[in-house]
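# Per-entry structural report
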Amino acid sequence: MSRKVVRTSKFRHVFGQPVKADQCYDDIRISQMTWDSNFCSVNPKFVAMIVDASGGGAFIVLPLSKFVAVNSAQDVVTACRLNLKHLDPIVPETGRIDMSLPTVCGHTGPVLDIEFCPHNDNIIASGSEDCSVMIWEIPDGGLTSPLSDPVVKLDGHSKRVGILSWHPTAHNVLMSAGCDNVIILWNVARGEAVVRIDSVHTDMIYSACWNRNGSQILTSCKDKKLRVLDPRKGSVICEKDKPHEGSRPVRAVFVSDGKILTTGFSRMSERQVALWDPKNFGEPLTLQELDTSSGVLLPFFDPDTGIVYLCGKGDSSIRYFEVTDEAPYVHYLSMYSSKESQKGMGYMPKRGLEVNKCEIARFYKLHERKCEPVVMTVPRKSDLFQEDLYPDTIGPEPSVEADDWFSGKNGEPILISLKDGFVATTKNKEFKVIKSLMATTSSSSSNRQCDSAEVQALQNELRELREMIEQLTQRVSELESK
């Protein structure tokens, strides 16, 4: 009688658990758009969700932090002395959300995708059906009034923009993909479209993402091709035709060692997950059939643990697998199930997790009118820091500036340790936009003319005032003499 050998893994007993009801966000009108994006973005400071809005597109941003960060002890002393309100504790907006809560509402069409900047927790990008990309700066503590003016508006697509992705290591570099089959790489601080990839994709782009250091882009397309691109040249490094035989959308992400994980459908509409080696695209390293549901599987990969989480839109479950070097390479771990289906999903960066509770992932699951955090935990009895669960992880600091990256310089992620408590937020950075300065330079001649005319008018007024004062002084002296 043969025994079945169980594969040893420290993540074999990972379990998912929703937070208590009073820690959820209720009465939120999640967007009804039939678009396969996450509809949610989250970082240690905020959670943002796309909502239904009349007369355009909108999303809400709710604070997660319990206190606003201050820069120094002197700030605290000053705040106490002056009784400044902005340094008061912030109570996270959990429970029932007020219908009158201010929104970010600058788009004229429905918002399709949102993503927080990995290098500044207060900056978020949004893409919309109105063909534009907008960059917003959220104040600490959240919005107190509707926000309709973006810090930067990026126009360059001719059809709706449904995919956004910030560069993982380069500062202020954003990728957008639209239904015009075009990918644009933006220097956000300058408001410039630096690279335009418009001759590679022959049909709608389903997904687009960066590799770990941002030196490559991976796309899946309706033309049934998987492509690895050189982002600065806009050229195809390698491609795979029909990674999945079905006609439904394919999603793809880079995983460990440059390998690629895809989710798609078979010819019989069965959902599949596959792992590929781009150096040998002929056959998949593994291809597994999952079920016959119709929702597109959104993959979230954690490079620290090697776990990939598959969240299907319309599903009520999250499957998770461990990606290793041993066959069959993608090992099923377990599944978190609940009663209600999900309309979208936000994924917290590692620096926002509670390491003292052995939390290795946290999702923000969107229901019809609710957002429910779901925590993934490794069961351990000790309260001590578990070094094997938390290797150094990607921090919030960029390793290369946008101009240098576009010139050809790559930067590896700057790693941080989570041992001394998690890094709650990025420092409150000023988001500098050079675009306005450039606009001033480009129209400097007309501005100079305007300025000189204004100066001349002021000088004339001053001259007239002097003359008037002299006349009045003379008149006063005449009256005094009489």
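Below is a short write-up of the structure. (Residues numbered from 1 in each chain as written. Predicted model: local features only at pLDDT ≥ 70, side-chain atom pairs only at ≥ 80, totals over all residues. Heavy atoms only, no water.)

## Focus: the overall build of the chain
The secondary structure content of the chain amounts to four helices and 32 strands. Across the 482 residues that make up the chain, the buried fraction comes to 49%. When contacts within the chain are restricted to residue pairs at least 6 apart in sequence, those whose partners lie at least 24 apart make up 54%. Of the roughly 23800 Å² of accessible surface on the chain, 50% is carried by carbon and sulfur atoms. (Helix = DSSP H or I, 4+ residues; strand = E, 2+ residues; numbered from the N terminus. Buried < 20%, exposed > 50% of the residue type's maximum accessible area, 1.4 Å probe, protein only. Contact = heavy atoms within 4.5 Å. Areas by Shrake-Rupley, 256 points an atom, 1.4 Å probe, with all protein chains shown as cover.)

## A few points about a nonpolar patch on the surface
On the surface, Leu 462, Leu 465, Met 468, Ile 469 and Leu 472 cluster together into a nonpolar patch covering about 500 Å² of accessible area. Along the chain, Leu 462 turns up in helix α4 (residues 444-481). Leu 462 gets classed as partly exposed once you look at its relative accessible area, which sits at 45%. (Patch = residues over 30% accessible without salt bridge, like charges linked within 9 Å, V, L, I, M, F, W, Y side chains within 5 Å. Salt bridge = Lys/Arg side-chain N within 4 Å of Asp/Glu carboxyl O.)

## Some remarks on the environment of Thr 305
Residue placement: Thr 305 occurs in the loop between β24 (297-302) and β25 (307-312). A relative accessible area of 7% places Thr 305 in the buried class. Separated by 85 residues in the primary sequence, Thr 305 and Tyr 390 have C-alpha atoms spaced 8.1 Å apart. Sequence-distant contacts of Thr 305, that is, excluding residues within four places in its chain, are made with Phe 11, Glu 322, Lys 350 and Leu 389. Within the structure, the side chain of Thr 305 is placed 2.9 Å from the side chain of Asp 302, a separation counted as a polar contact. A polar atom in the side chain of Thr 305 sits 3.3 Å from the backbone nitrogen of Ile 307. (Polar contact = N/O pair within 3.5 Å; in protein donor to acceptor, adjacent residues only side chain to side chain.)

## Regarding the sheet that holds strand β22 (residues 271-276)
Sheets are built from strands paired through backbone hydrogen bonds, the pairs being either parallel or antiparallel. Strand order in the open sheet made by the four strands is β20-β21-β22-β23, with antiparallel pairing throughout. Among the strands making up the open sheet, the edge pair consists of β20 (251-254) and β23 (286-289). Across the sheet, the axes of successive neighbouring strands diverge by a mean angle of 15°, strand direction being ignored. Pairing of β22 with β23, which is carried by four bridges, proceeds in the antiparallel orientation. Bridging from a neighbouring strand, Gln 272 pairs with Glu 289 of β23. (Pairing = 2+ DSSP bridges. Axes fitted to C-alpha atoms, helices over the stretch in contact; angles between N-to-C directions.)

## Brief notes about the sheet that holds strand β12 (residues 161-166)
The strand order β12-β13-β14-β15 describes an open sheet built from four strands, whose pairing is antiparallel. With one partner strand each, in any of the chains shown, β12 and β15 (192-197) form the two edges of the open sheet. In this sheet, neighbouring strand axes are inclined to one another by 25° on average, regardless of whether the strands run parallel or antiparallel. Of the strand pairs in this sheet, β12 and strand β13 (residues 173-178) are connected by five bridges, and their pairing is antiparallel. When the sheet's bridge partners are listed, Leu 164 is paired in β13 with Ser 176.

## What about the pattern of salt bridges?
All chains considered together, the criterion is met by 19 salt bridges. Taking the shortest distance from any N to any O, the salt bridge between Asp 302 and Lys 350 comes out at 2.9 Å. With Asp 302 in strand β24 and Lys 350 in the loop between β28 (344-347) and β29 (359-366), this residue pair connects regions lying 48 residues apart in the sequence. In terms of burial, Asp 302 and Lys 350 fall into one category: buried. One salt bridge in this structure joins Glu 387 and Lys 419, with 3.3 Å as the shortest N-O distance. Of the two residues, Glu 387 is situated in the loop between β30 (370-377) and β31 (393-394) and Lys 419 in the loop between β32 (415-416) and α3 (435-442); the sequence distance between them amounts to 32 residues. Classification of Glu 387 as exposed rests on a relative accessible area of 51%. For Lys 419, a relative accessible area of 46% puts it in the partly exposed group.

## A closer look at the environment of Pro 373
On the secondary structure map, Pro 373 appears in strand β30. With a relative accessible area of 5%, Pro 373 lands in the buried category. Counting along the chain gives 352 residues from Pro 373 to Ala 21, while the straight-line C-alpha distance between them is 9.8 Å. Setting aside residues up to four positions removed in sequence, Pro 373 forms contacts with Gln 17, Pro 18, Val 19, Gln 23, Cys 24, Tyr 25, Phe 363 and Tyr 364.

## Side note on the pairing of β25
Summarising burial for β25: six of the six residues are buried, a large majority. Side chains Ile 307, Tyr 309 and Cys 311 of β25 all project onto a buried face; the interleaved residues Val 308, Leu 310 and Gly 312 project onto the opposite face, where all are buried too. Here β24 runs beside β25; their pairing, made up of six bridges, is antiparallel. From the neighbouring strand, Phe 301 faces β25, where its bridge partner is Val 308.

## Looking at unusual backbone geometry
The amide bond that connects Ala 327 to the next residue, Pro 328, takes the cis arrangement and shows omega of 5°. Residue placement: Pro 328 occurs in the loop between β26 (317-323) and β27 (330-337). Phi is positive for Phe 39, close to 65°, though the residue is something other than glycine. Mapped onto the elements, Phe 39 comes out in the loop between β2 (25-26) and β3 (40-42). Note on Phe 39: relative accessible area 1%, which makes it buried. In this model, Asp 257 sits at a positive phi of 60°, which is unusual for a non-glycine residue. Take Asp 257: it is sitting in the loop between β20 and β21 (260-265).

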